[in-house]
Amino acid sequence: MYLLIVEDDEDLCSILKYQLKKNNIEADFCHDGEDAFFYIGKQTYDIIVLDRMLPGMDGLTILNKLRKQNIATPVIMVTAMDTLKNRIEGLDTGADDYLTKPFDIEELLARIRALARRPAKIENFEQLHFSDFILDLGTMQLSGEKESCGLSKREGDLLSFFIRNKGQILTREMLLTRVWGADSFVSDGNLDNFIYFLRKRLRSIHSHATIKTIRGIGYQLEE
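Residues numbered from 1 in each chain as written. Predicted model: local features only at pLDDT ≥ 70, side-chain atom pairs only at ≥ 80, totals over all residues. Heavy atoms only, no water.

Asker: Even after reading the chapter, I still don't get the side chain of D46, so can you show me in this structure?
Answerer: Topologically, D46 is positioned in the loop between helix 2 (33-42) and strand 3 (47-51). Although D46 is buried, it forms no salt bridge, and the closest oppositely charged side chain is R178 at an N-O distance of 5.3 Å. Within polar-contact distance, the side chain of D46 engages the backbone nitrogen of Y2 at 2.8 Å. Setting aside residues up to four positions removed in sequence, D46 forms contacts with M1, Y2, T73, P74, M174 and R178. (Helix = DSSP H or I, 4+ residues; strand = E, 2+ residues; numbered from the N terminus. Buried < 20%, exposed > 50% of the residue type's maximum accessible area, 1.4 Å probe, protein only. Lys, Arg positive; Asp, Glu negative; His and termini not counted. Salt bridge = Lys/Arg side-chain N within 4 Å of Asp/Glu carboxyl O. Polar contact = N/O pair within 3.5 Å; in protein donor to acceptor, adjacent residues only side chain to side chain. Contact = heavy atoms within 4.5 Å.)

Here's what the structure looks like:
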């Protein structure tokens, strides 16, 4: 599991760094919104832990920008602002969970594990565009310039996750966790079969896009 921690309290970051490493969880740390977008632009994360009160750009603004850019990475918002109104604002803006300070590290770890078990959320009314094709999540229809074909629900969910993380190298573990869910017993061979079928679907609509194998790591959607 790979996290991004956006938190300006460096003492808290030091504690989190130690505890996450102890639990075999990798994480990048940054302390303001500008750095957060730099990290998100170069790396795909399983979960973002986001402080609400940050210098420069506050966490609510960061979260709003992420969701407007269709970045669906689960977000745990962490803040000392613990009123009901504050929690509702965070959740309505797109946070998946909300934790008030001070908190017990074990509770944060439990919430991280709970979010990691959820498969990625798919909004069925969306149309996603990439390269020369459109994926309609309502009908699971994949359309190119002249041809189109239908996808199964799982194929659509998998291609949707690729599109939302276009250009990023996605590990096999990340794909299995975010598309099937951490509690699903899915083999690597099953993932390979779905990749094979997606490549076949893209060829059938004469798309120039391809799913590239990154040997020993995973896959990447590219034009």
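Asker: I'm lost on the sheet that holds strand 4 (residues 75-79) in this one. Help?
Answerer: Picture the strands of a sheet paired through backbone hydrogen bonds; they go either parallel or antiparallel. Here 5 strands make up an open sheet; going across it, the order is 2-1-3-4-5 and the pairing parallel. Both outer strands of the open sheet, strand 2 (26-30) and strand 5 (97-100), are each paired with one neighbouring strand and no more. Neighbour to neighbour, the strand axes of the sheet diverge by 20° on average, direction disregarded. Where strand 1 (residues 2-6) lies against strand 3, 4 bridges are found, and the strand directions are parallel. If you follow L4 over to strand 3, its bridge partner there is I48. (Pairing = 2+ DSSP bridges. Axes fitted to C-alpha atoms, helices over the stretch in contact; angles between N-to-C directions.)

Asker: Quick question: what am I supposed to make of the environment of I62 here?
Answerer: With respect to the helices and strands, I62 occurs in helix 3 (residues 59-68). With relative accessibility at 1%, the residue I62 sits in the buried group. Between the alpha carbons of I62 and Q127 there is a distance of 24 Å; along the sequence they are 65 residues apart. Those residues in contact with I62 that sit more than four places away from it in its chain are G33, F37, L50, L54 and M57.

Asker: Would you explain the pattern of salt bridges in this entry?
Answerer: Opposite charge on two side chains makes pairing possible when the charged atoms of those side chains draw close. The full count for this structure, using the stated rule, is 9 salt bridges. E107 is the partner of R111 in a salt bridge, and the nearest nitrogen-oxygen pair spans 2.7 Å. A residue pair is termed a helical-turn pair when its members lie 3 or 4 positions apart in one helix, as R111 and E107 do in helix 5 (residues 105-116) at 4 residues. Classification of E107 as partly exposed rests on a relative accessible area of 34%. In the salt-bridge network here, residues are joined through shared partners; they are E7, D51 and K101.

Asker: Would you mind showing me how to read the nonpolar core here?
Answerer: Within soluble globular proteins, side chains that are nonpolar generally end up buried alongside one another. By size, the foremost hydrophobic cluster in this structure holds 31 residues, and its most contacted members are F133, L142, L158 and F162. When contributions to this core are tallied by element, the ones reaching two or more residues are strand 6 (127-130), strand 7 (133-136), helix 6 (153-164), helix 7 (172-180), helix 8 (188-204) and strand 12 (218-222). Once residues within four sequence positions are removed from consideration, F162 is found in contact with L170, L175, I195, I211, Y219, Q220 and L221. (Core = buried A, V, L, I, M, F, W, Y, C linked by side-chain atoms within 4.5 Å.)

Asker: How should I be thinking about unusual backbone geometry in this particular structure?
Answerer: Excluding glycine, a negative phi dihedral is what most residues carry, and trans is how most peptide bonds are arranged. Looking along the chain, the bond that leaves K101 and enters P102 is cis, with omega of -10°. In this structure, P102 sits in the loop between strand 5 and helix 5. With phi around 60°, N24 is a residue other than glycine that occupies positive phi space. Summarising the element assignment, N24 is placed in the loop between helix 1 (10-22) and strand 2. With relative accessibility at 70%, the residue N24 sits in the exposed group. Within the chain, M140 stands out as a residue other than glycine whose phi angle is a positive 55°. Its place among the elements puts M140 in the loop between strand 7 and strand 8 (141-143). The class for M140 is buried, based on a relative accessible area of 8%.

Asker: Even after reading the chapter, I still don't get the packing of aromatic side chains, so can you show me in this structure?
Answerer: What characterises a pair of aromatic rings is the spacing of the ring centres plus the angle enclosed by the ring planes. All chains considered together, the criterion is met by 5 aromatic pairs. Summarising the aromatic geometry, the rings of F38 and Y39 are spaced 5.8 Å apart at their centres and angled 80° between planes, so their arrangement reads as edge-to-face. Note on F38: relative accessible area 52%, which makes it exposed. Relative to F194, the ring of W180 has its centre 5.5 Å away and its plane inclined at 70°; by these criteria the two rings are edge-to-face. Of the two residues, W180 sits in helix 7 while F194 sits in helix 8, which places them 14 residues apart along the sequence. For W180, a relative accessible area of 9% puts it in the buried group. (Phe/Tyr/Trp six-rings, centres within 6.5 Å; stacked < 30°, edge-to-face > 60°.)

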